[in-house]
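A structural walkthrough
Residue strings, one per chain:
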Amino acid sequence: MQIDSDLQNNLDTLKKSLGQNDDMMFYTFAFGDSRQKACLLYIDGLTENKMLAQYVISPLQREALVHKEHSIEDLSAFFFGFHHSVVSTIKEIEQLVFTGYAVLLADGYRGGLAFDTKSVQTRTLEEPTSEVVERGAKIGFIEKLRTNTALLRERTGDPNLVIKEMTIGKRTKKKIAVAYIQDIAPDYVIKEVFKRLKSVKIDDLPESGTLEQLIEDEPFSIFPTILSTERPDRVEGALIEGRVSILVDGTPFALVVPATVDEFMHSPDDYSHRWIPVSLIRLLRYSCILITIYLPGLYISLVSFHTGLLPTRMAISIAGSRLNVPFPPFVEAFIMIFTIELIREAGLRLPKPIGQTIGLIGGVVIGQAAVQAQIVSALMVIVVSVTALASFTAPSYAFNFPLRIIRIAAMLSAAALGMYGVIMVFLFVIGHLMRLKSFGQDYIIPIMAQPGQDLKDTVIRIPTMFLKRRPTRNDPEDNIRQR
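The sections below set out a description of the structure shown in this document. Only a predicted model underlies this, so the values are computations on that prediction, with no experimental measurement involved.

In this section: the environment of G140. Structurally, G140 can be placed in the loop between β5 (112-115) and α5 (145-156). Overall, the relative accessible area of 1% leaves G140 in the buried class. C-alpha of G140 to C-alpha of D233: the two residues are 93 residues apart in sequence and 8.5 Å apart in space. Discounting residues that sit within four places of it in the chain, G140 has contacts with L125, E126, P128, L151, E230 and P232.

Given below as structure tokens:
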């Protein structure tokens, strides 16, 4: 329904659809020598009243001559310098008002003006809690989209940085922003991002994790194919390499695409330290990934099927420690891993001081009690503890979940087939990773790269002076980053 030039008709229509809300404000006033009537529509609490008085009502009342039957563009000229847009239908008014906009309707004007006067309480900028670094920026994204885009602008300072906004959500109209550097990011990735975003049809977009699930390549894979981060410096580094970032209003977590397997193993402070310690730490991380996946399965297979592969003294020691244990190795491992996962989840949901206490005391007390009660062997407690510690070395928390799932699969295969089962799981995982893609790029391509290309900054990192080219896996338009 179009906005009528008669103000009273518009108000009667709007009060029928919006008047039942007690926080809906209809502020009527007069302006100009002819004392024309006007009305401001806004939600009390979502709109900053001081901004309305200073930038909307005062400029309008200062104008001496305003005549009827002028176009809405004439009225718009009075608010030069303050962000506003023209609306022409009643439906547009209903949508904008409930997102924090104030809408001005004036008698004699076919149309209205929507002013961005949102008043949203946000937390201050602080250090990210999910991605702690030893050396680097101590600032993270917050829940306000405009603040997050400003952080990217401030950090990047590149005039070629493009930030395009769009709205997703049939009912909530959630704003998102797509950021990329125009002369670096490849065109096919940018087009694919916008294509997938435009195909999203949903009533509400509560968080970036929901959007991630709607646009990812492999929704049935246990591995994440989109990187999630709340660090502006990490997003900046991704943009410089030719990738695209997606920010959602109302969440501090930004999405980065395409994402390859090594991106989940790298930390932002890897580039703040010298190359030798960073390379050693990365080798440790990849080793810990293998440990957390396969160590319990290897233990089960060696103790249950392949004791001949163990040194004699070790085999006798293990047999002695398991002498009074009533369960087979798989049941032992399952009990301890289930307990570790229970403590981890409980510590995550409890208040922070209590959660830390539960994690420390619970692990020590339960492990010691289980050994004394001869439910599990002491060596099994060591194996499960090392496995749990190794899983925490992955910088990305989202990458922990597939590792824990594969660990259970390796344990089941080891209990059924011994070492052959563990090898089968390993081959299955490698085959699955090789077929995964992230926005058209191979998920495991960095590890399979040709020597001298992307291997310079994957499992190890060579000195910074030799990282003169951007990773070729991202197909950057501008391939040179250090001249």
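Let us now look at empty space enclosed by the protein. Going through the model one piece at a time under the given rule, you end up with 1 cavity of 30 Å³ or more. Size it by volume and the largest cavity reaches roughly 30 Å³. Along the walls of the largest cavity sit I337, I340, V384, T387, A388 and R407, which together make up its complete lining. Of all the elements in the fold, those that place two or more residues in the lining of the largest cavity are α11 (329-349) and α13 (378-391).

Here we come to α11. If you check α11, its first and last C-alpha atoms are 31 Å apart, about what 21 residues at 1.5 Å a residue would give, namely 30 Å. Burial in α11 covers these residues: P329, E332, A333, M336, I337, T339, E341, I343 and R344.

What follows covers the nonpolar core. Counting 54 residues, the largest nonpolar core has F223, F399 and Y443 as the members making the most contacts within it. With 7 residues, helix α9 (residues 275-304) is the single largest residue contributor to this core. Not counting the four nearest positions on each side in its chain, F399 is found in contact with F223, P224, V261, F264, M265 and Y443. Listed in part, the 23 residues of the second largest apolar core include Y180, V200, L211 and I246.

Basis of the calculations
Residues numbered from 1 in each chain as written. Predicted model: local features only at pLDDT ≥ 70, side-chain atom pairs only at ≥ 80, totals over all residues. Heavy atoms only, no water. Helix = DSSP H or I, 4+ residues; strand = E, 2+ residues; numbered from the N terminus. Buried < 20%, exposed > 50% of the residue type's maximum accessible area, 1.4 Å probe, protein only. Contact = heavy atoms within 4.5 Å. 1 Å grid on protein atoms, 1.4 Å probe; cavity = no way out; pocket = protein on both sides within 12 Å on 5 of 7 lines; lining within 4 Å. Points joined across faces, edges and corners; volume = space filled by probe spheres on them. Expected span 1.5 Å × (residues − 1). Core = buried A, V, L, I, M, F, W, Y, C linked by side-chain atoms within 4.5 Å.

Treat this as a map of the structure, not an account of what it does.
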